[in-house]
Amino acid sequence: MLKKQNLRKIFKTSALNPNSKNTSLDIEDLVRLGTKIGTCPYYGARDLVRSADLIILPYQSLLLRSARDSLGLDLKGNIVIIDEAHNLADCLTGMYNSKVCFGQLKRVLSHLEAYFSRFRNVLNAGNRRYIQTLTILTKSFLKLLRNSSNCADRTMTINEFLFSLDIDNINLVKLCQYIKQSKIIHKVSGYGNKISCQNGEEGISSTVTDFQAISDILLSLMNNNSDGRVLVSPQMETFSSSSSSQEGYLKFVMLSGDNIFSEVIRDAHAVIMAGGTLQPIEETRVRLFPNIPLEKVLFFTCDHIVPPESILPVAVSRGPSGLTFDFSYSSRSSPKMELGRFICNITTIIPEGIVVFFSSYEYERTVYDAWDSSGILARISKKKQIFREPKNSSDIDSTLKTYKESIEACKFNSAITGAILLAVVGGKISEGINFGDGMGRCVVMVGLPYPSPADLELAERIKHIEGIPSSGFEESRETESGFGVLRKCGNRGREYYENLCMKAVNQSIGRAIRHVNDYAAMLLVDSRYASRSFSCPSEKLPKWIKDRLVCANSYGEIVQLKLNGK
C-alpha cells in the first residue's frame, strides 16, 4: 500500500514538473507516464484534480454531487464553462430518469425468492425484513403492470404511485441504504445465476443490471412529489420476446432540472453556457434557471466565422408545379410527390452531397416508398447515388464512409454529380456528425419536426413548465396528453414546445458549415418558414442564418439564386 501511495506521489510530481516540455498532458501522455512509473494513470490523474487550474470533465461528473465529492471537485469561487449547452437540460433530467421492465421484475422476483428460501434460517432479523420488503415491492410493481393490461399508458405523481400500491408506509431511505451497504444485489444475483446453471438453464448475465434498475426506481421515488412523474406502460397479454410489441415497464421521469442545476449556480462564481445552437435560449432558461432574475442572465451572440456570402438559407414555400408545401401532421401526405419533384430538380443544379432531413423514420419510409413506386427515385439516382440513414447505430459509420466515397468518386464521373442522404431529425446523423465541404453542399429540412404531442413524457413536462396540476390517479390521463395539453397551456408551454422543434432544426442544418472556407445552401421546405406571424419559426433561427434568410415563393426564384455554386 505504501509503495502504491509513493508511486502516485511520483506520478503527481512528474505531471506537475514545471521543467517539463508538456505544459498540459492529454490522455495518451498520462498513460505513458503511468506505464513508465508503474502506477494507474486514472487514479494518478484523479489526484491531480485538487492542484489543477483547469479541469475538463463530462456532464455527469459535474452535475452529480456524489461524483463531484468523489473527485474532490469544489465549485465554490470557480468558473464553470459548459460547452454544447443545448444538450444540458435533457442530459440533466435524463441522468435522474430510471426505468424497470416487466421481464426484469420477474427475474429479480425469482432470484429473491430462491435466495430467501435457501438462506432464511441463517439471515438475521434485519436482513430477512429487508429482503421480504424488496420481494413485496417487486410483486407490487408486477401486479400493477399486469392489472393494467387493458389500460393505456398513464402517469402518476410519486405520492399517487405509492398510495395506489399501498407501499407508502415503507421507509425507502433505509431500504436504499441497506441495498447499497449490504451488497445484496450481488449476493442474490450470484446465487440466482448459480441455481440457474445447476438446473441446466441458460445463465442470465444481466441480473445485476435488473436489480440495479429496481434500485434506481426506488431512489427516484424519494424525490419530491412535484419533481417528477411515474409512467406506467402495462404489460400486454400477447407480449413475447420475439414479438414487436412493447414490453411493459415503469419509468420515473424527472421534470425539474432547475433544483439540481441550482447547486452548481449557487456554488460557482459564474457559469458560462456555450454552444453553436443554443438558440432559442428561452427554453434552456426556463428549464435550468427559471428563478434567476433576468438582469443576472447575460446573453451574447456573434456572427459566424463563415462569411455571409458562403451560406444561402432559403425558405421554400412552393414546389415546381406551384403546390404549397405544408408538412403539418394533418396535411403532410399531400406534398410527398411535389417534394420528390423538387428534390429531383435540385439534384441537377447542386453539386456533390445533399442531406435531406425528415421529421421521423416513419415519414421518411413513407416518402421513400412513394418515390420508389412513382419512379422519382430512379430519376434522382441518375444524378445522385441514394443513401438512407440506418436505424442500427453500428451501420452509421459504414454508411457515411460509402456516402463520402461516392461524392469523391463523382469527380471522375460526369453523369453522377454526387450523392444524396435521407436522414431523420433526432437520429444519429442530425447531431454529432459533420457534413463539411462536399459532404453537405446543401441541407434540406422537410417541414417542422415538432415532437409528438401524444408523448406522455412531453405532456407532463409541458404541464410542469406551465404549472398545470396533474389530475388524480383515478382520472384517465389520456385526455391530458396530446393537443389538449397544448390548447390548455399558456405562452410558456407553447414556447417550450416550439423551441424543441427549432432547436432540432438548428442542430440539423448547422451540420453543413464546419470551417471558415466552407459553403452550403440550407433549404427550409415548408410554407410556415416564410410566415410573417409573430411566432414565425424562422425568428428562432441563429442570427447568422436568419440575417441571410431568403423567402422563395416559387421554384423559379430558387433557381435564380444560383444554388449551383458558391
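Keep in mind that this is a model prediction, so the values were computed, not measured.

1. Here we look at the overall build of the protein chain
Then, in step 1: Each helix and strand counted, the protein chain has 23 helices and 13 strands in total.
Then, in step 2: Burial analysis of the protein chain (566 residues in total) assigns 47% to the buried set.
Then, in step 3: Partitioning the contacts of the protein chain with sequence separation of at least 6, the portion at a separation of at least 24 is 76%.
Then, in step 4: Counting only carbon and sulfur atoms, one obtains 50% of the accessible surface of the protein chain, whose full area is about 29000 Å².

2. Some words on unusual backbone geometry
Then, in step 1: In this structure, Glu84 takes a positive phi of about 50° despite not being glycine.
Then, in step 2: Its relative accessible area of 40% is what places Glu84 among the partly exposed residues.
Then, in step 3: Of note, Asp437 is a non-glycine position whose phi angle comes to about 55°, a positive value.
Then, in step 4: Mapped onto the elements of the fold, Asp437 is located in the loop between β10 (418-424) and β11 (442-446).

3. Examining the sheet that holds strand β5 (residues 249-254)
Then, in step 1: Within the open sheet, the four strands sit side by side as β2-β5-β4-β3. Their pairing is antiparallel. Looking at the sheet topology across the chains shown, the edges are occupied by β2 (98-101) and β3 (154-156). Going from strand to strand, the sheet's axes swing by 20° on average, the running direction of each strand aside.
Then, in step 2: The pairing of β2 with β5 spans four bridges and is antiparallel. When the sheet's bridge partners are listed, Cys101 is paired in β5 with Tyr249.

4. Focus: the packing of helix α8 (residues 125-147) against helix α12 (residues 207-220)
Then, in step 1: Direction vectors running N to C along α8 and α12 enclose 90°, while the axes themselves pass 12 Å from each other. Classified by the interaxial angle, the pair formed by α8 and α12 is roughly perpendicular. On α12, the residues that touch Leu134, Leu137, Thr138 and Phe141 of α8 are Ile214, Ile217 and Leu218.
Then, in step 2: The class makeup of the residues in the contact of α8 with α12 is six nonpolar, one polar and no charged.

5. Focus: the sheet that holds strand β7 (residues 311-316)
Then, in step 1: What the seven strands build is an open sheet, ordered β9-β10-β8-β11-β12-β7-β13; its pairing is parallel. With one partner strand each, in any of the chains shown, β9 (384-388) and β13 (550-552) form the two edges of the open sheet. Within the sheet, the average angular offset between the axes of one strand and its neighbour, ignoring direction, is 20°.
Then, in step 2: When β9 meets β10, the two strands line up parallel, connected through five bridges. Across the sheet, residue Gln385 finds its bridge partner in β10, namely Ala419.

Basis of the calculations
Numbering of residues begins from 1 in every chain and follows the order in which that chain's sequence is written. Reporting of local features is limited, given that this is a predicted model, to residues whose pLDDT is at least 70; pairs of side-chain atoms are given and counted only at 80 or more, and all residues count toward the totals for whole chains, interfaces and linings. Only hydrogens and water are set aside when side-chain values are computed; all heavy atoms of the structure are taken into account. Numbering of helices and strands starts at the N terminus; helices are DSSP runs of H or I of at least 4 residues and strands are runs of E of at least 2. Each residue is placed in one exposure class: buried if its accessible area under a 1.4 Å probe, protein chains only, is under 20% of its type's maximum, exposed if it is over 50%, and partly exposed if it falls in between. Throughout, a residue-residue contact means that at least one pair of heavy atoms, one from each residue, lies within 4.5 Å. Throughout, the Shrake-Rupley method with a 1.4 Å probe supplies accessible areas, and for residues the shown protein chains are the sole cover considered. A pair of strands is labelled paired if DSSP reports no fewer than 2 bridges between them. Axis definition: a line fit to C-alpha positions, over the contact stretch in the case of helices; interaxial angles, taken between N-to-C directions, run 0 to 180 degrees. Throughout, the term roughly parallel applies to angles under 35 degrees, roughly antiparallel to angles over 145, roughly perpendicular to angles from 65 to 115, and oblique to all others. Classes in brief: Ala, Val, Leu, Ile, Met, Phe, Trp, Tyr, Cys and Pro nonpolar; Asp, Glu, Lys and Arg charged; the others, Gly included, polar.

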